[in-house]
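# Structural description and commentary
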Amino acid sequence: MALTRQALSLGMIVTSALMIWKALMCITGCESPVVVVLTGSMEPGFKRGDILFLHTSKDPIRTGEIVVFNVEGRDIPIVHRVIEVHERQDTRDVDILTKGDSNDQDDRFLYTYGQHWLSPQHIMGRAIGFLPYVGWVTIIMTEKPLIKYILLSALGLLVITSKD
């Protein structure tokens, strides 16, 4: 009976976390409403380990905005600032160029080979806020898998051995 109760408690915690994530997705309109800054390319504004909150908008993207984008062939989204926006007069299509604040050159070297601009489809969201350093937990668990397994084992042991 106690083991069943503990399993149900764990299930409720996991379900609650998933519900919160889905609610954030609905509110922000982003597939990934929270991202972790993984490099120092946006310093001094955002440091490695900061968590960014994203949203999507129908408003046009403007120069100076911080966006998270994904390009073909890269698994991890990139957080950088928009430095140029070009609107084609004939089609009204928009071309976007980005750059990390602490990088010397624009991001064309990060884009898919032969791609010189991003299109709005590449943009996952725009940064609307951040929490400093909170993302270090994710970075450490990704870079040091042993720590992740130790932490998960400790949490599992805690759930199994708890009295209530």
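Residues numbered from 1 in each chain as written. Predicted model: local features only at pLDDT ≥ 70, side-chain atom pairs only at ≥ 80, totals over all residues. Heavy atoms only, no water.

## Section: the UniProt feature "domain: Peptidase S24/S26A/S26B/S26C" (unreviewed entry) in the chain
- The positions that UniProt labels "domain: Peptidase S24/S26A/S26B/S26C" (unreviewed entry) are, in the present scheme, residues 28-84.
- Along residues 28-84, the helical share is 2% and the strand share 33%, with 25 Å between the first and last C-alpha atoms. (UniProt positions renumbered as here; feature names shortened; annotations may be inferred. Helix = DSSP H or I, 4+ residues; strand = E, 2+ residues; numbered from the N terminus.)

## Overview of the pairing of strand 3 (residues 66-69)
- Where burial is concerned, the two faces of strand 3 agree: the one with Ile66 and Val68 and the one with Val67 and Phe69 are both buried.
- Sheet analysis places strand 3 next to strand 4 (residues 78-87), joined by four bridges and oriented antiparallel. Bridge pairing in strand 4 places Ile66 opposite Arg81. (Buried < 20%, exposed > 50% of the residue type's maximum accessible area, 1.4 Å probe, protein only. Pairing = 2+ DSSP bridges.)

## Considering the environment of Ile160
- On the secondary structure map, Ile160 appears in helix 3 (residues 145-161).
- Distance from Ile160 to Asp50, taken between C-alpha atoms, is 33 Å for residues 110 residues apart in sequence.

## Some words on the side chain of Ser41
- One can find Ser41 in the loop between strand 1 (34-36) and strand 2 (51-55).
- With near-sequence residues (within four places) excluded, Ser41 lies in contact with Val79, His80, Gly100, Asp101, Ser102 and Asn103. (Contact = heavy atoms within 4.5 Å.)

## Observations regarding the packing of helix 2 (residues 136-143) against helix 3
- Orientation of helix 2 relative to helix 3, taken along the N-to-C sense of each, is 110 degrees, at an axis distance of 4 Å. With respect to helix 3, the axis of helix 2 lies roughly perpendicular. Contacts between helix 2 and helix 3 involve Ile140, Met141, Thr142 and Glu143 from the first element and Pro145, Ile147, Lys148 and Leu151 from the second. (Axes fitted to C-alpha atoms, helices over the stretch in contact; angles between N-to-C directions. Parallel < 35°, antiparallel > 145°, perpendicular 65-115°, else oblique.)

## Concerning unusual backbone geometry
- Put simply, Glu43 and Pro44 share a cis peptide bond, and its omega is 10 degrees.
- With respect to the helices and strands, Pro44 occurs in the loop between strand 1 and strand 2.

## Looking at the pattern of salt bridges
- Under the defined criterion, the tally for this structure stands at six salt bridges.
- A salt bridge links Arg48 to Glu143, with the nearest nitrogen and oxygen atoms 2.2 Å apart. With Arg48 in the loop between strand 1 and strand 2 and Glu143 in helix 2, the pair connects residues that are 95 residues apart, well separated along the chain.
- What you see here is one network of salt bridges that share partners, running through Arg88, Asp93 and Asp95. (Salt bridge = Lys/Arg side-chain N within 4 Å of Asp/Glu carboxyl O.)

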